[in-house]
Amino acid sequence: MTTYLVTGASGHLGRLTVQALLERGVAASDVVATARDLDAISDLAALGVETRVADYTDPASLEQAFKGVDRILLVSSSAVGQRVPQHANVIAAAKDAGVELLGYTSITRADSSTLALSEEHRATEELLAESGLPVVLLRNSWYLENYTGQVATALEHGAVLGAAGEGRVSAATRADFAAAAAAALVADDQAGQVHELGGDTAFTLAEYAATLAAESGTEVVYRDLPAEELTAVLTGAGLPEPYAAILADSDLGLARGELQADTGDLSRLIGRPTTTPAEAIRAALA
């Protein structure tokens with residue numbers, strides 16, 4: 001009997017991956033969900049999933065959490081700038097636990113990407129390679145929620161703002177990426193695999209704005225800005241300046257095609273078409 005553990009289960013992607021494992025028929029008793037605060041994943045405990053405390057910054061908690069576990073999904077830390085040492089702790093604990101598979105949620109073409117956001121993912125992938133562990137890399141493109149989460153603002157101002165030019169992004173929903181992670185964890189042929197995951201149809205932000213306009217019945221246009229101006233706008237909206245700069249830099253990468261993944265890996269792993277922008281927008285408007 002195989003036991004599966006998902007780290008960071010209090011976050012969107014981790015929680016959805018736990019749910020995806022259950023939807024694939026994995027018994028709740030064979031799933032372990034971890035978080036720093038067990039209260040944050042009490043809903044998963046209510047489903048019969050075992051919950052354990054695990055803090056990326058606390059090696060002792062990781063060692064305890066990974067006992068008796070066969071396969072682990074390392075959901076990348078949200079602590080930009082601190083990810084590498086945190087991930088190193090998880091990798092070391094997984095190695096000590098002798099796990100048979102470790103999955104990692106990375107970013108599109110992490111080994112060659114020039115995005116600032118890719119640096120910590122690339123470093124983590126290097127640590128994974130050096131660890132000698134059986135690893136499957138899940139290189140996720142952008143979340144559709146990065147855009148649909150801003151629907152109300154876009155409709156209010158009649159504009160989607162970005163610095164992506166005519167670049168295309170292979171965005172998919174978190175649920176799509178979570179379903180892929182679950183599929184990779186339960187499969188028996190995933191060690192050494194690298195999946196470039198993205199939506200079935202890449203789109204420009206102008207096309208996204210047009211889809212939002214069509215679905216909402218409200219005029220919405222895409223307004224392309226210089227990266228510095230986009231950073232200033234995002235900072236003015238309340239984002240910390242370093243984070244705003246990373247988002248603007250990511251748009252520049254999008255313009256260069258660095259978030260486009262046309263491999264079809266995502267739909268193949270999940271066994272269905274990926275969620276379309278129109279479907280995601282309709283869900284956001286509901």
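Placed above this text is the structure.
Residues numbered from 1 in each chain as written. Predicted model: local features only at pLDDT ≥ 70, side-chain atom pairs only at ≥ 80, totals over all residues. Heavy atoms only, no water.

Student: Where do I start with the nonpolar core in this structure?
Tutor: It is characteristic of soluble globular proteins that their nonpolar side chains tend to be buried jointly. Residues Val18, Leu21, Phe66, Ile72 and Leu102 are the most contacted members of the largest nonpolar core, which totals 55 residues. With nine residues, helix 8 (residues 174-186) is the single largest residue contributor to this core. The residues touching Leu102, leaving out its near neighbours within four places in the chain, are Ile72, Leu74, Ile91, Ala94, Leu128, Leu133, Pro134, Val135 and Val136. Among the nonpolar cores identified, the runner-up in size contains 26 residues, and Leu115, Tyr147, Tyr208 and Leu259 belong to it. (Core = buried A, V, L, I, M, F, W, Y, C linked by side-chain atoms within 4.5 Å. Buried < 20%, exposed > 50% of the residue type's maximum accessible area, 1.4 Å probe, protein only. Helix = DSSP H or I, 4+ residues; strand = E, 2+ residues; numbered from the N terminus. Contact = heavy atoms within 4.5 Å.)

Student: I keep staring at the side chain of Thr3 and nothing clicks. Help me out?
Tutor: Turning to its location among the elements, Thr3 is positioned in the segment before strand 1 (4-6). Non-local contacts of Thr3, meaning those with residues more than four positions away in its chain, are made with Asp30, Val32, Gly68, Val69, Asp70 and Arg71.

Student: Before we go on, may I ask you to explain the sheet that holds strand 8 (residues 194-197) in this structure?
Tutor: For sheets, the rule is that strands pair by backbone hydrogen bonds, running either parallel or antiparallel. A sheet is described by the order of its strands in space; here seven strands give the open sequence 3-2-1-4-5-6-8, paired in parallel fashion. Looking at strand neighbours, the two that pair on one side only are strand 3 (50-53) and strand 8, the edges of this open sheet. Going across the sheet, the axis of each strand differs from the next one's by a mean of 20 degrees, ignoring polarity. As paired strands, strand 6 (residues 135-140) and strand 8 are joined by four bridges and run parallel to one another. Within the sheet, the bridge partner assigned to Leu138 lies in strand 8 and is His195. (Pairing = 2+ DSSP bridges. Axes fitted to C-alpha atoms, helices over the stretch in contact; angles between N-to-C directions.)

Student: I keep staring at the packing of aromatic side chains and nothing clicks. Help me out?
Tutor: A full pass over the atoms with the stated rule returns four aromatic pairs. Consider the rings of Tyr147 and Tyr208, whose centres lie 5.5 Å apart with planes at 40 degrees: the pair is tilted. Placement of the pair is Tyr147 in helix 6 (residues 145-148) and Tyr208 in helix 9 (residues 205-216), with a sequence separation of 61 residues. Note on accessibility: Tyr147 and Tyr208 belong to one class, buried. An aromatic cluster is defined as three or more aromatic residues linked by ring pairs; in this entry it consists of Tyr147, Phe203 and Tyr208. (Phe/Tyr/Trp six-rings, centres within 6.5 Å; stacked < 30°, edge-to-face > 60°.)

Student: Help me out: how do you make sense of the packing of helix 10 (residues 227-236) against helix 11 (residues 241-255) in this one?
Tutor: It is the contact of helix 10 with helix 11, at a shortest axis distance of 8 Å, that shows an interaxial angle of 140 degrees. The angle between the axes of helix 10 and helix 11 places the two elements in the oblique class. As helix 10 runs across helix 11, the sense of the crossing is right-handed. In contact with Ala227, Leu230, Thr231, Leu234 and Thr235 of helix 10, helix 11 contributes Glu241, Ala244, Ala245, Leu247, Ala248, Asp251 and Leu252. Residue composition of the contact of helix 10 with helix 11, grouped by class: eight nonpolar, two polar and two charged. (Parallel < 35°, antiparallel > 145°, perpendicular 65-115°, else oblique. Left-handed = near helix turned anticlockwise from the far one by under 90°. Nonpolar A, V, L, I, M, F, W, Y, C, P; charged D, E, K, R; others polar.)

Student: Got a minute to help me understand unusual backbone geometry in this structure?
Tutor: One non-glycine residue, Arg109, lies in positive phi territory at about 45 degrees. Relative to the elements of secondary structure, Arg109 occurs in the loop between strand 5 (101-107) and helix 5 (118-131).

Student: I keep staring at the pattern of salt bridges and nothing clicks. Help me out?
Tutor: Two side chains bearing opposite charge may form a pair once their charged atoms approach each other closely. Under the defined criterion, the tally for this structure stands at twelve salt bridges. A salt bridge links Arg139 to Glu125; its shortest N-O distance comes to 2.7 Å. Here Arg139, found in strand 6, pairs with Glu125, found in helix 5; they are 14 residues apart in sequence, far enough to count as distant. You'll find Arg139 and Glu125 in the same group, each marked buried. A salt bridge links Glu215 to Arg282; the nearest nitrogen and oxygen atoms lie 3.0 Å apart. (Salt bridge = Lys/Arg side-chain N within 4 Å of Asp/Glu carboxyl O.)

Student: Please clarify how the packing of helix 1 (residues 12-23) against helix 8 should be interpreted in this entry.
Tutor: Describing two packed helices takes the angle between their axes plus the distance from one axis to the other. Running from amino to carboxyl end, helix 1 crosses helix 8 at an angle of 55 degrees, the nearest separation of the two axes being 8 Å. Taken together, the axis directions place helix 1 and helix 8 in an arrangement best described as oblique. Regarding helix 1 and helix 8, the two cross each other, and that crossing is right-handed. Note on element contacts: helix 8 touches helix 1 through Arg174, Ala175, Phe177, Ala178, Ala179, Ala181, Ala182, Leu185 and Val186, opposite His12, Leu13, Leu16, Thr17, Ala20 and Leu21. In terms of residue class, the contact of helix 1 with helix 8 is made up of twelve nonpolar, two polar and one charged.

Student: When you look at the pairing of strand 4 (residues 71-74) in this model, what are you seeing that I'm missing?
Tutor: Taken residue by residue, a regular strand's side chains alternate between the two faces of the sheet. On strand 4, burial covers both faces: Arg71 and Leu73 on one face and Ile72 and Leu74 on the other are all buried. Alignment of strand 1 against strand 4, held across three bridges, turns out to be parallel. From the neighbouring strand, Val6 faces strand 4, where its bridge partner is Leu73. As defined by bridge partners, strand 4 adjoins strand 5 across four bridges and the pair is classed as parallel. Following the sheet pairing, Leu74 is matched in strand 5 by Tyr104. On the question of chirality, the crossover connecting strand 4 to the parallel strand 5 by way of helix 4 (residues 83-97) is right-handed. (Right-handed = clockwise from strand over helix to strand, strands pointing away.)

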